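One letter stands for each residue in the lines below.
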Amino acid sequence: MAKSIIIIGAGMGGMAAGIYGQMNGYETQIFEMHTKPGGQCTSWKRKGYTFDPCIHHFFGCKPGSSVNQMWHELGALPLELVNIEECTAVASPDGKMFVDYYDLERLKNTLLKLSPADSKMIEQYIEAIKAFANNKIDDAISSGSFWKMIPIFFSMPSIRKWIKMNMRAFAERFSDPFLRKAFAQLVYSNPDGPLFFHFMRHVGGMNGDIRWPVGGAAEFAKSIERRYLALGGKVYYRSRVEKILVENDKAVGIRLADGSEHRADIIISNADGRKTIFNMLDGKYINETVRGYCAPLSDETPFAVNVCLGINRDLSGEPSSLVLLLDQPVTIANLKHENIEAQLYGFDKTMAPMGKGTIKVELPARYSYWKQLYNDDRERYKQEKQKAAEQVIEILESHFRGIKNQVEVIDVYTLMTWERYMGGTQGWFNLPNRKLDFSMSMKEDLSDKKFKTTLPGLSNFYFVGIWATAMGSLAHNANSGKTIIRRICKKDGKGFEAQT
Ligand SMILES: Cc1cc2nc3c(=O)[nH]c(=O)nc-3n(C[C@H](O)[C@H](O)[C@H](O)COP(=O)(O)OP(=O)(O)OC[C@H]3O[C@@H](n4cnc5c(N)ncnc54)[C@H](O)[C@@H]3O)c2cc1C
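1. Some thoughts on the overall build of the protein chain
Okay, so step 1: A count of helical and extended segments in the protein chain gives 18 helices and 19 strands.
Okay, so step 2: In summary, the protein chain has a C-alpha radius of gyration of 23 Å against a globular reference of 23 Å for 500 residues, a match within 12%.
Okay, so step 3: Structurally, the protein chain occupies a C-alpha span of about 70 × 55 × 45 Å along its principal axes.
Okay, so step 4: A total of 500 residues make up the protein chain; the buried ones form 47% of that total.
Okay, so step 5: Across the protein chain, contacts joining residues at least 24 apart in sequence account for 70% of those joining residues at least 6 apart.

Here it is, written out as structure tokens:
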């Protein structure tokens, strides 16, 4: 008889575990607390506008890579994809604009126009991108294997000097004051962001590995759900798991919020790690290492407050991502901001009614501030969201004259919104408290020592998703589902199969 698997959560890891489980002869069921698949990979519609809190960069579009192969196996591809022309753009209050084009000739000309005095540094920047785009690195990036990338990075003198640098340090090498400010913002407006990640994005954009899935994150997630259902998988929505049932230190089932119990041979959690460990399992399966992973994260959280706007304005000529540097810092949501970053979806016609456009502005914020507001004073929480939207619109007005009167829809969501829909401990930010671990490569099936998918003393239980990988990445978290099923197959003494 086929072994049964219960999966808690229909995020990337959960759905991938379901799909590869079905492909390998297991009977899987997914219990999801929300009303739709995808978890963080989600989007929604308001009056014809689509708001997407998730995808900035979708890796794995280039045929031939193992990530691309996985997307085909998961039914995520083929999907209509759009090429994006630039990595990010930055605008100054006095009207200067730097568009960081993927096309190197265009990029070089743009930079030389902005600062001829920086020609030497510009040349070095272009050469560094070319060095990163070297075939060997290109293949390593496409395979998704950090293990493969690291030795290549260090073996090449032309790029070795850039590996450990962050965006701030790189920006300081330019003499032009605007470029110094602009370069510091090119990795999600985070000057501490790693320079090699910026180069990886360039390589992905140049070789067609990063593209945009038309329709946004929800369409992408739905295509994976379709694949799962077609393979005979079962998914139950509005089904919050409260407890994992354990007998003799073996996970044997789950109890839902409605009191019903469901049993299976193997339980996989794609839910928040802290909630799984302390609520679903009452903190019984823990050691010092796992306790360390559960330690609180930094209070200042990226992408914490998001202002989505439906605008009666054509945005098709605008860059996909635009950082607006501010004259004066502005305090929004109790945090000082020296710039704001907007995503402009003019490149995908399906994201807004004809001739109109969708904008999303993502702001970091303090988790504790929003948590307290939400718990203590719901009215003030709503007012603060409204205020954040008004401040953002005012800033956008300085760059897009007249936009203030073109706003048709405003939708603001915070970390509390994520928590309500996905049950995390800190909004979407549910990473284990551990250093990024390069063991989450796409190909290797790594040991539990490095790939933290189990809990001490508990058998028949696995984690998939962000708790297992510590990576905010669609590809890595989907791959964690594949890795776990491969591991279960091995344990059961059978070969692992994957079909497109
Ligand atoms: C703002 C933002 C931007 C991002 N941008 C990108 C990007 O550009 N490129 C990229 O590759 N990645 C990006 N990511 C990361 C990527 O979306 C995530 O890493 C990935 O989707 C997480 O997958 P996961 O398997 O961890 O599942 P999750 O998305 O964490 O899903 C977990 C699922 O479990 C469900 N669940 C939780 N508790 C329970 C319970 N008790 N009972 C039942 N169900 C439960 C939740 O509702 C959810 O559906 C971004 C993420 C965010 C938040």
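2. Looking at the domain arrangement of the protein chain
Okay, so step 1: Assigned domains within the protein chain: domain 1 (4-46 + 218-296 + 431-491), domain 2 (85-207) and domain 3 (304-420).
Okay, so step 2: Computed from C-alpha atoms alone, the centre-to-centre distance between domain 2 and domain 3 is 27 Å.
Okay, so step 3: Contacts between the two partners involve 11 residues from domain 2 and, on the opposite side, 13 residues from domain 3.
Okay, so step 4: Take the side of domain 2 that touches domain 3: its biggest share by element is five residues, from strand β6 (residues 86-91).

3. A word on the site of the ligand
Okay, so step 1: Within the structure, the ligand sits among 37 residues, and Gly9, Gly11, Gly13, Gly39 and Gly465 are positioned closest to it.
Okay, so step 2: Of all elements in the fold, only α1 (12-23) and α18 (474-491) reach the threshold of two or more residues within the shell around the ligand.
Okay, so step 3: The class makeup of the residues in the shell around the ligand is 19 nonpolar, 15 polar and three charged.

4. Re the pairing of strand β1 (residues 4-8)
Okay, so step 1: Of all five residues that make up β1, four are buried, and the element is covered over most of its length.
Okay, so step 2: In terms of strand pairing, β1 meets strand β2 (residues 27-31) through five bridges, oriented parallel. Paired with isoleucine 6 across the bridge in β2 is glutamine 29.
Okay, so step 3: Bridge analysis of β1 against strand β13 (residues 266-269) gives four bridges, and the strand direction is parallel. Bridge pairing links isoleucine 7 to isoleucine 268 in β13.

5. As for unusual backbone geometry
Okay, so step 1: In this model, leucine 77 is joined to proline 78 through a cis peptide bond whose omega is 5°.
Okay, so step 2: Residues other than glycine seldom take positive phi values, yet alanine 470 does so here, at roughly 60°.
Okay, so step 3: Following the sequence through the fold, alanine 470 ends up in the loop between α17 (466-469) and α18.

6. As for the sheet that holds strand β11 (residues 250-256)
Okay, so step 1: Spatially, β10-β11-β12 is the arrangement adopted by the three strands of the open sheet, whose pairing is antiparallel. The outermost strands of the open sheet, each flanked by one partner alone, are β10 (241-247) and β12 (261-263). Adjacent strand axes in the sheet meet at a mean angle of 30° when their direction is disregarded.
Okay, so step 2: As paired strands, β11 and β12 are joined by three bridges and run antiparallel to one another.

7. Re the environment of phenylalanine 303
Okay, so step 1: Here phenylalanine 303 shows up in strand β14 (residues 300-311).
Okay, so step 2: Phenylalanine 303 sits in the buried class, given 21 other C-beta atoms within 10 Å.
Okay, so step 3: Between the C-alpha atom of phenylalanine 303 and that of aspartate 376, which follows or precedes it by 73 residues, the distance is 22 Å.

8. A closer look at the packing of helix α4 (residues 119-132) against helix α10 (residues 195-207)
The packing of two helices is summarised by the inter-axis angle and the distance between the axes.
Okay, so step 1: Across the interface, α4 lies against α10 with an axial gap of 9 Å and an inter-helix angle of 70°. By the criterion of interaxial angle, the relationship of α4 to α10 is roughly perpendicular. In this structure, α4 crosses over α10, and the sense of that crossing is right-handed. Within the contact between the two elements, α4 uses Ala128, Ile129 and Phe132 and α10 uses Phe199, His202 and Val203.
Okay, so step 2: Within the contact of α4 with α10, the residues separate by chemical class into five nonpolar, one polar and no charged.

9. Side note on the pairing of β2
Okay, so step 1: Crossover β1 to β2 through α1 is right-handed.
Okay, so step 2: Bridge analysis of β2 against strand β9 (residues 234-236) gives three bridges, and the strand direction is parallel. Looking at the pairing, phenylalanine 31 lines up with tyrosine 236 of β9.

10. Details of the confidence of the model for the protein chain
Okay, so step 1: Across the protein chain, the average pLDDT comes to 92, with 92% of residues at or above 70.
Okay, so step 2: Note on residues 437-450: pLDDT is under 50 here. Beyond four places in sequence and across chains, it has 31 contacts.

11. Details of the sheet that holds strand β18 (residues 407-414)
Okay, so step 1: As summarised here, the arrangement of the seven strands in space is β7-β6-β15-β16-β17-β14-β18, forming an open sheet in which the pairing is mixed. Edge positions in the sheet fall to β7 (97-101) and β18, since each has one partner strand and no second. For this sheet, the mean angle separating the axes of adjacent strands, direction not counted, is 25°.
Okay, so step 2: Summarising the sheet, β6 and β7 pair through four bridges and their orientation is antiparallel. If you follow alanine 89 over to β7, its bridge partner there is valine 99.
Okay, so step 3: The strands that helix α14 (residues 367-376) touches are β14, β17 (357-366) and β18; relative to β17, the one it contacts most, it runs at about 100°.
Okay, so step 4: Lying over the sheet, helix α15 (residues 378-399) contacts β6, β14, β15 (321-332), β16 (335-344), β17 and β18, oriented at roughly 120° with respect to β15.

12. Some words on α10
One turn of the α-helix equals 3.6 residues, which is why residues spaced by three or four share an orientation.
Okay, so step 1: The first and last C-alpha atoms of α10 sit 19 Å apart over 13 residues, in line with the 18 Å expected at 1.5 Å per residue.
Okay, so step 2: Of all the 13 residues making up α10, 11 are buried; the element is thus mostly covered by neighbouring parts of the structure.
Okay, so step 3: Downstream of α10 by a residue or two, glycine 208 has a phi angle that is positive, lying close to 80°.

13. Quick look at the environment of leucine 81
Okay, so step 1: Within the secondary structure layout, leucine 81 lies in strand β5 (residues 81-82).
Okay, so step 2: Since 15 C-beta atoms lie within 10 Å of it, leucine 81 is described here as partly exposed.
Okay, so step 3: Residues leucine 81 and aspartate 348, 267 residues apart in the sequence, show an inter-C-alpha distance of 9.4 Å.
Okay, so step 4: Sequence-distant contacts of leucine 81, that is, excluding residues within four places in its chain, are made with Cys61, Arg211, Trp212, Pro213 and Val214.

Conventions used here
In every chain, residue numbers begin from 1 and rise along the written sequence. Where local features are concerned, this predicted model is filtered to residues with pLDDT of at least 70; where side-chain atom pairs are given and counted, the filter is 80 or more; whole-chain, interface and lining totals use all residues. Secondary structure elements are taken from DSSP: a helix is a run of H or I of four residues or more, a strand is a run of E of two residues or more, and numbering for both begins at the N terminus. With the radius of gyration taken over C-alpha atoms, the globule rule is written as 2.2 Å times the number of residues to the power 0.38. Every C-beta atom is placed from the backbone, and the number of other C-beta atoms within 10 Å of a residue's own sets its class: buried at 20 or more, exposed at 12 or fewer, partly exposed in between. Placing C-beta atoms from the backbone, we regard two residues as in contact once those atoms come within 7 Å. Note: domain ranges come from an automatic or database domain assignment. Using a C-beta atom placed from the backbone for every residue, we mark a residue as near a molecule or strand if that atom lies within 6 Å of it. Nonpolar residues are Ala, Val, Leu, Ile, Met, Phe, Trp, Tyr, Cys and Pro. Charged residues are Asp, Glu, Lys and Arg, and all others, Gly as well, are polar. Strands are treated as partners if at least two bridges between them are detected by DSSP. Lines fitted to the C-alpha atoms define the axes, with helices restricted to the stretch that makes contact. Angles between their N-to-C directions range from 0 to 180 degrees. In what follows, roughly perpendicular refers to angles from 65 to 115 degrees, roughly parallel to angles under 35, roughly antiparallel to angles over 145, and oblique to any angle outside these ranges. The sense of a crossing depends on the near helix, which, turned anticlockwise from the far helix by less than a right angle, makes the crossing left-handed and, turned clockwise, makes it right-handed. Note on handedness: a crossover is taken as right-handed if, strands pointing away from the viewer, the path from the first strand over the helix to the second is clockwise. Residue-level confidence of the predictor, termed pLDDT, takes values from 0 up to 100. What a helix is expected to span follows from its residue count: subtract one and scale by 1.5 Å.

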